[in-house]
Amino acid sequence: MPAEAPASIGAVSTAPSLPATPPFTLRARLLTPLQAGGQAYLDDARIDVDATGRLSGVSPFASPGGDASTDTPAAVVDLRPLVVMPGLVDLHAHLPQLPNAGLGAGLDLLSWLGRYIFPLERSFDDATAERLAPAAYRAFAAAGTTTVLLYGAVYEPSLEAAFRAAEAHGIRVIIGMVMMDRIRYDETLPDAAVLEASLRQSADLCSRWHMRDGGRLRYAVTPRFAVSCSAEMLRESAALAADTGAYWQTHLSEDRGEIAEVARLFPDALDYTDVYDRAGGLGPRSILAHAVHLSDRELARLVETGSRVAHCPESNLFLASGIMPLARYLEAGLIVGLGSDVAGGPDVSIFRQMRVGAQGQSTWRVMGGDDRPALDPFGWLRMGTLEGARALGLDAVTGSLEVGKEADLIALDPSMTSPVDGSDVQDPDELMSRLIFRTHPDMVRAAWVRGRLLDGPAGAVA
Ligand SMILES: [Zn+2]
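Residues numbered from 1 in each chain as written. Predicted model: local features only at pLDDT ≥ 70, side-chain atom pairs only at ≥ 80, totals over all residues. Heavy atoms only, no water.

(A) Expanded view of empty space enclosed by the protein. Evaluated as defined, the whole model comprises two cavities of 30 Å³ or more. Put simply, the largest cavity is a space of about 100 Å³. Lining the largest cavity we find His 94, Gln 97, Leu 109, Trp 112, Leu 113, Arg 224, Phe 225, His 251, Glu 254, His 290 and Asp 341. Per element, the largest residue contribution to the lining of the largest cavity is three residues, and it comes from helix H1 (residues 109-122). Class assignment of the residues belonging to the lining of the largest cavity gives a composition of four nonpolar, four polar and three charged. Sorting the residues of the lining of the second largest cavity by element identifies helix H10 (313-318) and helix H12 (350-366) as the ones contributing at least two each. Top element by residues in the lining of the second largest cavity is H12. It accounts for four residues. For the lining of the second largest cavity, the residue count by class is five nonpolar, six polar and no charged. (1 Å grid on protein atoms, 1.4 Å probe; cavity = no way out; pocket = protein on both sides within 12 Å on 5 of 7 lines; lining within 4 Å. Points joined across faces, edges and corners; volume = space filled by probe spheres on them. Helix = DSSP H or I, 4+ residues; strand = E, 2+ residues; numbered from the N terminus. Nonpolar A, V, L, I, M, F, W, Y, C, P; charged D, E, K, R; others polar.)

(B) Up close: the coordination of the zinc ion. Surrounding the zinc ion are the protein donor atoms His 92 (NE2), His 94 (NE2), His 251 (NE2) and Asp 341 (OD), at 2.1 to 2.4 Å. Viewed at the metal, the four donor atoms of the zinc ion are separated by angles of 84 to 169 degrees, and the geometry they form is irregular. Positions of the donor residues of the zinc ion along the chain correspond to the pattern H-x1-H-x156-H-x89-D. Of the two residues, His 251 sits in strand E10 (residues 247-252) while Asp 341 sits in the loop between strand E13 (335-338) and H12, which places them 90 residues apart along the sequence. In this structure, His 251 and Asp 341 share a single accessibility class: buried. (Donors = N, O, S within 2.8 Å, 3.2 Å for Na, K, Ca; no water. Tetrahedral: all angles 85-135°; square planar, octahedral: opposite > 155°, others 65-115°. Buried < 20%, exposed > 50% of the residue type's maximum accessible area, 1.4 Å probe, protein only.)

(C) Region of the structure containing the state of the cysteines. Taken as a whole and judged by the stated rule, the model has zero disulfides. As a non-bridged cysteine, Cys 206 has Cys 229 as the owner of its nearest cysteine sulfur, 17 Å distant. By relative accessible area, Cys 206 is classed as buried at 5%. (Disulfide = S-S within 2.5 Å.)

Honestly, that's just the spatial picture; any functional story needs more than this.
And the structure:
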């Protein structure tokens, strides 16, 4: 029996071919936060990407400044009705943990680490990294993430493989080899050698990869957290980050049991934040994941030092760690971006973090924790893009679609978020609300970093 003829038989396919490398010009709906505050929405925009991969024009398509009249039709890739947005920024994820995402619901943090995470990381050698890292970058890009700050495992060769894969894929990444000297996987190393080896390997990786490819690839010195690191390791790692200009990342105040354990291990410290402060770890290049249970003193100290926080709402509820009092933190002036914390969080999608984050804040308000104003959908978009970039000191490079920035873009099909045929929305606030609260796993159709198309998203729809 012959296949049924499609309704469009005889017509030329409307699927646009996605530009793979710069320069190119897109015509699409456009939605972006703005560096100066607020956001922009254009229902018919022109987005010019120059040969170096930078945004050289963002304007209404037919505006006099847009110079549309000089284009031949072939010069412009028309993506309408897709929406083009800045690529999302994930401030916290664990590369080796992706295979166990979604497993272990109901366990507390320290039990979950022992059962699902440490065994996975212990086996994360270079062969595993070569297999997993490319698939992980495709998964991040498919979710709309174009910049990600990652923890690797403890083995230097696996980090080398992870960087090589990122270099080839095109995603913007900052990665660090996990350092820990209280708990360790390699039993062949004598106690005294663990710290020295970890520092030397971190320094070697940093010298090879930090600022590679014009700064697309960067290094983060990565002591896991105070429970698994000695005071000396925390101090030496912070010194290495300061000496090299690399980032310094760790976990802070995620779970009540963890906080109690840190108090036991560091009896002289004022509180958890003070452990890192005494090590010289706080500052604008430091990204601290979670920070759910901060005292006023800790919050003030993080703000004072310019330290950054990765808010990981889905992970915090998956592991029942707590709900971050976000409005209090923002009012105090803390710089906060979003992190998936895969696999503490079950999903790499930053849109999912916006949704669960908003629901967590609603829960916090309902339970009487706070009556400060909640973020609206554009506030969440800003946190998942421009604020994440600001946390990394990259807000002049990425995080919004503005002339002069590098072209880190995603194209989405908002019709996939409609609950039923005929219910598409055009209003930008309603559009943003749908993208967050009805995120579809295939709605990101394309992603670019510096105008280079990333492997991962499904591609434009015919
Ligand atoms: Zn984590």
